[in-house]
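Chain by chain, the residues:
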Amino acid sequence: MTPEQLFLVESSVAALGPVLDDVVAAFYDRLFELAPDTRVLFSDDLVVQRGKFTAELAFIVTTIRRHDAFVATASELGRSHHEFGVQPEMFRTAGAALLDALAAVLDDGWTPALSEAWRLAYRLTAEAMMAG
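Here goes a summary of the coordinates provided. (Residues numbered from 1 in each chain as written. Predicted model: local features only at pLDDT ≥ 70, side-chain atom pairs only at ≥ 80, totals over all residues. Heavy atoms only, no water.)

### Considering the overall build of the protein
Thought 1: When you go through the protein residue by residue, the secondary structure sums to six helices and zero strands.
Thought 2: Ordering the α and β elements of the protein from the N terminus gives α-α-α-α-α-α.
Thought 3: Relative to the 2.2 N^0.38 estimate, which gives 14 Å for 132 residues, the radius of gyration of the protein is 14 Å and therefore close to what a compact globule would have.
Thought 4: Looking at the protein as shown, the accessible area adds up to about 7,400 Å², and 59% of this sits on carbon and sulfur atoms.
Thought 5: Positive and negative side-chain charges in the protein, numbering 10 and 19 respectively, have mean positions lying 4 Å apart. (Helix = DSSP H or I, 4+ residues; strand = E, 2+ residues; numbered from the N terminus. Rg over C-alpha atoms; globule rule 2.2 N^0.38 Å. Areas by Shrake-Rupley, 256 points an atom, 1.4 Å probe, with all protein chains shown as cover. Lys, Arg positive; Asp, Glu negative; His and termini not counted. Charge placed at Lys NZ, Arg CZ, Asp CG, Glu CD.)

### Some thoughts on the pattern of salt bridges
Thought 1: Inspection of the entire model under this criterion finds seven salt bridges.
Thought 2: With its nearest N and O atoms 3.9 Å apart, the salt bridge here joins R123 to E127. Separated by four residues within a single helix, R123 and E127 lie in helix 6 (residues 112–131), roughly one turn from each other.
Thought 3: One continuous salt-bridge network, built from bridges that share partners, spans R30, E33 and D100. (Salt bridge = Lys/Arg side-chain N within 4 Å of Asp/Glu carboxyl O.)

### Brief notes about the nonpolar core
Thought 1: Membership of the largest hydrophobic core comes to 36 residues, with the highest contact counts inside it found for V23, F27, Y28, L31, L98, L102 and W118.
Thought 2: Every element with two or more residues in this core is listed here: helix 1 (3–16), helix 2 (20–34), helix 3 (46–63), helix 4 (67–83), helix 5 (90–106) and helix 6.
Thought 3: In terms of residue count, the dominant contributor to this core is helix 6 (eight residues).
Thought 4: If sequence neighbours within four positions are ignored, L98 has contacts with V23, F27, F53, L57, W118 and Y122. (Core = buried A, V, L, I, M, F, W, Y, C linked by side-chain atoms within 4.5 Å. Buried < 20%, exposed > 50% of the residue type's maximum accessible area, 1.4 Å probe, protein only. Contact = heavy atoms within 4.5 Å.)

### A few points about the side chain of S12
Thought 1: Residue placement: S12 occurs in helix 1.
Thought 2: A polar contact of 2.8 Å, which involves the side chain of S12, links it to the backbone oxygen of V9.
Thought 3: Contact partners of S12, with chain neighbours within four places excluded, come to L114 and W118. (Polar contact = N/O pair within 3.5 Å; in protein donor to acceptor, adjacent residues only side chain to side chain.)

### Description of the environment of T38
Thought 1: Here T38 is to be found in the loop between helix 2 and helix 3.
Thought 2: Looking at T38, the relative accessible area reads 6%, which means it is buried.
Thought 3: Along the sequence, T38 and G95 sit 57 residues apart, while their C-alpha atoms lie 14 Å from each other.
Thought 4: Every residue in contact with T38, bar those within four places of it in the chain, is listed here: L31, F32 and M90.
Thought 5: A polar contact of 2.7 Å, which involves the side chain of T38, links it to the backbone oxygen of A35.

### What to know about the packing of aromatic side chains
Thought 1: Using the criterion set out here, one finds six aromatic pairs in the structure.
Thought 2: Ring geometry for F27 versus Y28: centroids 4.9 Å apart, planes at 70°, classification edge-to-face.
Thought 3: Taken together, a centroid distance of 5.9 Å and an interplanar angle of 65° make the contact between Y28 and F53 edge-to-face. Linking Y28 in helix 2 with F53 in helix 3, this pair joins segments that are 25 residues apart in sequence.
Thought 4: Feature note: the residues F27, Y28, F32, F42 and F53 constitute an aromatic cluster, connected by ring pairs. (Phe/Tyr/Trp six-rings, centres within 6.5 Å; stacked < 30°, edge-to-face > 60°.)

As structure tokens, this is what we get:
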């Protein structure tokens, strides 16, 4: 990722601020639409899960520039996801769901450059998670 792409991702999370939970809610809706079989990996009450995901997403995005912290955090997330039954092939679907959710919430603010920056940030995160 270029510094400009990192800035785009970081600034988009900062701009989302109070509606970041809307992105996460849209993510889960889209994930369960794309891969209904993943629903069994989550409790019936997604409120707590959404809160965790919102916090982790914001933290991951703000640590990408600090490589050691980013890799350590993403690796730990990968280990915990593996323990919950997440398989490597699920990361592709989750990435598509996240990008779709961001596009839906950001609407006209979702530019090709921002889309590419998020795609790369997600790929880095997913690779670090799977390595963990």
